[in-house]
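Chain by chain, the residues run as shown.
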Amino acid sequence: MVQSVDGKTLAGMLIHASACLNAEKQKINELNVFPVPDGDTGTNMSLTISTAAAELRQKKPTTVEKAAAVCASAMLRGARGNSGVILSLIFRGFSRAMKDKTEMNGIDLADALNAGVIAAYKAVMKPAEGTVLTVSRLAGERAGRAAEENSAFEYVLESSIERAREALADTINQNPVLKKAGVVDAGGMGFVVILQGMLDELRGVAAPSEDEADKPAQDKADFGSLADEEITFTYDTVFIVRRTGGKPLDEYRAWLETMGDSLVIGEGDEEFKVHVHTDEPGVVLTKAAEFGTLELAKIENMRTQRDELAAGKQAQSTDDLEAVEAELEDMEHQSAAPEKKYGFVAVAAGEGLAKVFYDLGVDGVISGGQTMNPSTEDILKQIQKTPAEIVYVLPNNKNIIMAAQQCVDLVEDKKVIVLPAKTVPQGISAMIAVNPDGDEAENTAAMEEAMSLVTTMEVTYAARDSEFDGQAIHAGDYLLLVDNQLFGTEKDLHTALDKLAQASKERAGEFISIFYGEGVDPDQAEQALALFQTACPDAEITMLEGGQPVYHYLISVE
């Protein structure tokens, strides 16, 4: 029975837990009870803890205080979705309980788990039973009792897992929605997987292999000092591109190999980073623009560096890609000096929707939405780039609001206001209500009122068979949502749209905006427009290409 653990062991346990969660994330995704194809709890929790695993691998902490602090800091910035934010809050409280500790025994573990639970409950406005909060709370309570029985770390962890599993099984009885769907809570399942992964590491159980997405795309090349005759290409070029459109990089990778050498490409979910030696950095960067938006670039002349070294000078080198990326990250975190009173950051998926927000005066649009929640770090970076004294953030999705709210305390030189926009139409209406010359209170009130007057309708599809409110839902059915609630299901898209058009008429909508998603051709969109024009002849109706994934149509009714 292991009595206590040090920082190295705790770090290994958390890295193991990350691998386990990554292996189980799809199973957890499939527990999301609403049959819209947005089951992403497992993905969000996995991405959140994987940021901590990456930091722990790099920093190799030796004390439990340092291991917990590294984990909490990384998870805070990497948190995605409500489930990821709650997980990060649990580990933030966990970290605070480990202050000044070199090792931790079972008593310390119980204290840390319960401190994490308290931190999470404080942050959630209306905590519901039958969720990850319930599972973690009951696991913490059992840990406290177990520590009184036996202070061994392993005993307390094992006892907390047993109680967590019991609590997880009971979530189906505590939450009416879970009971209807016949499943346990997805976030609670993720928490159990993490605890079990930690125990497995302690007992020497092999960790599941991680996806390549959780590791560097390829090993970093070991670039040493080059003699002048060895410099085949002149410019050491490093840059970061924010991806748009999801175009695969295979073509670009093959093309880059013809443009230079020492090529390393690191791919993330939303960006990719390139290191290459080339004679034509401008051409390389121009080509990169086909795959996204260039954010940062650094180009150095290696021949000049060679001359400086030969002269006994200290030449700056970008051959260490990790050091370059760290420098670029530091540059990215530098906050833009205020040039105006108000700035705006919005989250939206689809080039058409992004353009609408930019046209309305938004300074930065973060690509994201259902199934692709941006992290707190993603939102924070965009806030810091915004040259304003007060920055409004429009999450435009209920599962992104908590991640955005974490940014409020992370920005020191700007005031951050997170408006609880749950849909893109709400965010658009809020931007229309902005008065650049108004004071903060007036603008906030006007934007919130504008959001409240919007009815959001959506058409998507069922990812799997399910039952909801007595309705049998089959995979592939068109799902009609009104303000995030199930309004009905249809086999035929035309019939589905007609039903929403009639609902718009009943709501006496005066202004209707229809955004059609990717995969919907303009002719289909025109047919949808005709349905609404027929049903609501007195309304002002606009049809725009939104380009959003997952949702065939987003409809705003005011």
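Keep in mind that what you see is a predicted model, and the values were worked out from it rather than measured.

This part is about the overall build of the chain. The secondary structure content of the chain amounts to 20 helices and 18 strands. Taking the intrachain contacts of the chain between residues at least 6 apart in sequence as the baseline, contacts between residues at least 24 apart amount to 72%. Total accessible area computed for the chain in this model is approximately 24,400 Å², and 48% of it derives from carbon and sulfur atoms.

Among the nonpolar cores identified, the biggest contains 85 residues, and Phe94, Met104, Leu157, Met198, Ile379 and Ile383 are the most heavily contacted of them. The contact partners of methionine 198, leaving out residues within four places of it in the chain, are Leu10, Met13, Leu14, Ala17 and Leu157. Core analysis: the second largest hydrophobic core is formed by 32 residues, Tyr342, Leu353, Ala430 and Leu486 among them.

A few words now on the sheet that holds strand β10 (residues 415–418). Think of a sheet as strands paired side by side through backbone hydrogen bonds, with each pair either parallel or antiparallel. The parallel open sheet is built from four strands, whose spatial order is β8-β7-β9-β10. In this open sheet, the two strands that pair with only one neighbour each are β8 (364–367) and β10. When strand polarity is set aside, the average angle formed by the axes of neighbouring strands in this sheet is 20°. Its contacts with the sheet place helix α14 (residues 351–359) against β7 (340–348), β8 and β9 (388–394), and it is angled at close to 160° to β8.

What follows covers the packing of helix α1 (residues 7–29) against helix α3 (residues 64–78). Where α1 contacts α3, the axes come no closer than 7 Å and their chain directions differ by 30°. Considering their axes alone, α1 and α3 lie roughly parallel with respect to each other. Remark: the crossing between α1 and α3 carries right-handed chirality. Residues Gly7, Leu10, Ala11 and Leu14 of α1 lie in contact with α3, whose contacting residues are Val64, Ala67, Ala68 and Cys71. The residue inventory of the contact of α1 with α3, partitioned by class, reads seven nonpolar, one polar and no charged.

Attention now moves to the packing of aromatic side chains. A complete count under the given rule lists five aromatic pairs for this structure. Seen from their ring centres, phenylalanine 91 and phenylalanine 94 are 5.7 Å apart, and the 40° between their planes marks the pair as tilted. Residue phenylalanine 91 and its partner phenylalanine 94 are located together in helix α4 (residues 81–97), separated by three residues, close to a single helical turn. Comparing phenylalanine 91 with phenylalanine 94, the two get one shared label, buried. Aromatic side chains tyrosine 342 and tyrosine 392 sit 6.0 Å apart centroid to centroid with 45° between the ring planes, which places their arrangement in the tilted category. With a gap of 50 residues between them, tyrosine 342 in strand β7 and tyrosine 392 in strand β9 connect regions that are remote in the sequence. Look at tyrosine 342 and you get buried, because its relative accessible area is 6%. Overall, the relative accessible area of 0% leaves tyrosine 392 in the buried class.

Moving on to the pairing of strand β16 (residues 511–516). Inspection of the sheet shows β16 paired to strand β17 (residues 540–545) by six bridges, in the parallel sense. Bridge pairing in β17 links serine 513 to threonine 542. Taken together, β16, helix α20 (residues 522–535) and β17 form a β-α-β motif whose crossover is right-handed. The sheet contact formed by β16 and strand β18 (residues 553–557) spans five bridges and is antiparallel. What sits directly across from phenylalanine 515, in β18, is leucine 554.

The rules behind these values
Residues numbered from 1 in each chain as written. Predicted model: local features only at pLDDT ≥ 70, side-chain atom pairs only at ≥ 80, totals over all residues. Heavy atoms only, no water. Helix = DSSP H or I, 4+ residues; strand = E, 2+ residues; numbered from the N terminus. Contact = heavy atoms within 4.5 Å. Areas by Shrake-Rupley, 256 points an atom, 1.4 Å probe, with all protein chains shown as cover. Core = buried A, V, L, I, M, F, W, Y, C linked by side-chain atoms within 4.5 Å. Buried < 20%, exposed > 50% of the residue type's maximum accessible area, 1.4 Å probe, protein only. Pairing = 2+ DSSP bridges. Axes fitted to C-alpha atoms, helices over the stretch in contact; angles between N-to-C directions. Parallel < 35°, antiparallel > 145°, perpendicular 65-115°, else oblique. Left-handed = near helix turned anticlockwise from the far one by under 90°. Nonpolar A, V, L, I, M, F, W, Y, C, P; charged D, E, K, R; others polar. Phe/Tyr/Trp six-rings, centres within 6.5 Å; stacked < 30°, edge-to-face > 60°. Right-handed = clockwise from strand over helix to strand, strands pointing away.

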